[in-house]
Amino acid sequence: SLVSRANQRGVKVSISITGNEEFNDATKTPQKRNAFITEIVNFVNDNGLDGVEINWEHPRNTLEWNYCIALLDGIKVQLPSKKISISLQVAHPDNVKIYPSPTIPEQVWEIADAINLMTYDEGGVSWPTHSDTTRAIEHIGHWAIWGTTGGRNLCKRELFVGSAFYGWCTDEDNCTTIGDSIRVPYSEYIGGASWSNRGDLPADARSKAIHTRDN
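Source: prediction; values computed, not measured.

Parameters and conventions
Residues numbered from 1 in each chain as written. Predicted model: local features only at pLDDT ≥ 70, side-chain atom pairs only at ≥ 80, totals over all residues. Heavy atoms only, no water. 1 Å grid on protein atoms, 1.4 Å probe; cavity = no way out; pocket = protein on both sides within 12 Å on 5 of 7 lines; lining within 4 Å. Points joined across faces, edges and corners; volume = space filled by probe spheres on them. Helix = DSSP H or I, 4+ residues; strand = E, 2+ residues; numbered from the N terminus. Nonpolar A, V, L, I, M, F, W, Y, C, P; charged D, E, K, R; others polar. Buried < 20%, exposed > 50% of the residue type's maximum accessible area, 1.4 Å probe, protein only. Lys, Arg positive; Asp, Glu negative; His and termini not counted. Salt bridge = Lys/Arg side-chain N within 4 Å of Asp/Glu carboxyl O. Polar contact = N/O pair within 3.5 Å; in protein donor to acceptor, adjacent residues only side chain to side chain. Contact = heavy atoms within 4.5 Å. Core = buried A, V, L, I, M, F, W, Y, C linked by side-chain atoms within 4.5 Å. Pairing = 2+ DSSP bridges. Axes fitted to C-alpha atoms, helices over the stretch in contact; angles between N-to-C directions.

**Student:** Mind laying out the layout of surface pockets, listing which residues take part and the relevant values?
**Tutor:** When its volume is computed, the largest pocket comes out at roughly 310 Å³. Around the largest pocket, the lining residues are Ile140, Gly141, Ala144, Lys156, Arg157, Leu159, Val161, His211, Thr212 and Asn215. Secondary structure elements with two or more residues in the lining of the largest pocket: α6 (133-148), β5 (159-162) and α8 (202-214). In terms of residues, the lining of the largest pocket owes the most to one element, α6, which gives three residues. Of the residues assigned to the lining of the largest pocket, the class counts are four nonpolar, four polar and two charged.

If you want it as structure tokens, here you go:
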């Protein structure tokens, strides 16, 4: 009923499949990958969905990117009329190198109908908060430049920007949820702008949206 009501209003519904190491295990052999793709295709068709979103976040090397591309391509072949998207972190949290880099194959841009850039869950001293607006916009720009220079003519309109409506709470933070790095909802961090791990405040989300629109 959700899909039916959404489609009546011109809204598309996709399944989002999330993982990281799990994706590597599910795609590291052709047999496993084909079985995984079959499960996805059957689920989409059985439920009348409009597409698939693969939330792999950050393939770390050429081998993992090969697995990722093979998965996306396999889904696209089986579901040619559906929308295929992938969520990727705008920058790699475990590496000082800027995403995108030569490690990322251009095929991901060519196969996917949309690349959802996660402007959150970033770490390191260069990110004042895990979803810092200034750093996020800088890295969104890197993606746009990478896709349109060096002989590449990839469509910037396939890039989408995601905001963070949650924060990370640690014992050092002044929040009601106490624990070792616990994710907390928007309603808790909205009044705690001094948190080192807060998500996007309304002004942050607005700035990211304006940058996306204008570019």
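**Student:** Give a description of the side chain of Glu122 that names residues and reports values.
**Tutor:** The residue Glu122 is located in the loop between β4 (114-118) and α6 in this model. Among buried Asp, Glu, Lys and Arg side chains, Glu122 stands out as unpaired, with Arg135 the closest opposite charge at 8.5 Å. One polar contact links Glu122 to Gln89, side chain to side chain, over a distance of 3.5 Å.

**Student:** Tell me about the side chain of Ser131, and name the residues and values.
**Tutor:** Relative to the helices and strands, Ser131 resides in the loop between β4 and α6. Apart from the residues lying within four places of it in its own chain, the contact partners of Ser131 are Thr119, Tyr120, Ala164, Arg198, Gly199, Asp200 and Lys208.

**Student:** Describe the nonpolar core, and please don't skip the residues or the numbers.
**Tutor:** Side chains of nonpolar character tend, in soluble globular proteins, to be buried together. Counting residues in each nonpolar core, the largest one holds 42 residues, and the members touching the most others are Val52, Ile54, Ile75, Ile86, Ile115 and Trp143. With seven residues, the single largest contributor to this core is helix α4 (residues 62-78). Setting aside its immediate chain neighbours within four residues, Trp143 contacts Leu88, Gln89, Val90, Tyr99, Pro100, Ile104, Trp109, Ile115, Leu117 and Leu159.

**Student:** For the environment of Gly162, give the residues involved together with the corresponding values.
**Tutor:** Assignment of secondary structure puts Gly162 in strand β5. With 47 residues separating them along the chain, Gly162 and Ala209 place their C-alpha atoms 9.3 Å apart. If near-sequence neighbours (up to four positions away) are discounted, Gly162 is found in contact with Leu117, Thr119 and Tyr120.

**Student:** An account of the sheet that holds strand β2 (residues 51-57) is requested, with residue identities and associated values reported.
**Tutor:** Taken in spatial order, the five strands make up an open sheet running β1-β2-β3-β4-β5, and their pairing is parallel. Unpaired on one side and paired on the other, β1 (14-18) and β5 mark the two borders of the sheet. With direction set aside, neighbouring strand axes in the sheet form an average angle of 25°. Here four bridges tie β4 to β5, and the two strands are oriented parallel to one another. What sits directly across from Ile115, in β5, is Leu159. Those strands touched by α6 are β3 (83-89), β4 and β5, and its axis lies near 170° from that of β5.

**Student:** Could you give me a rundown of unusual backbone geometry, with the residues and numbers involved?
**Tutor:** For Glu57, which is not a glycine, the phi torsion comes out positive at approximately 75°. Inspection of the secondary structure assignment puts Glu57 in strand β2. For Asp121, which is not glycine, the phi torsion reads 60° and is therefore positive.

**Student:** Please set out the pairing of β2 residue by residue, giving values where relevant.
**Tutor:** In terms of burial, β2 is largely enclosed, as seven of its seven residues are buried. Neither face of β2 is open: one carries Gly51, Glu53, Asn55 and Glu57, the other Val52, Ile54 and Trp56, and all of them are buried. In this structure, β1 lies alongside β2, joined through five bridges in parallel fashion. Bridge pairing in β2 places Ile15 opposite Val52. Two strands pair when backbone bridges link them, and β2 and β3 are joined in this way by five bridges, in the parallel orientation. Within the sheet, the bridge partner assigned to Glu57 lies in β3 and is Leu88.

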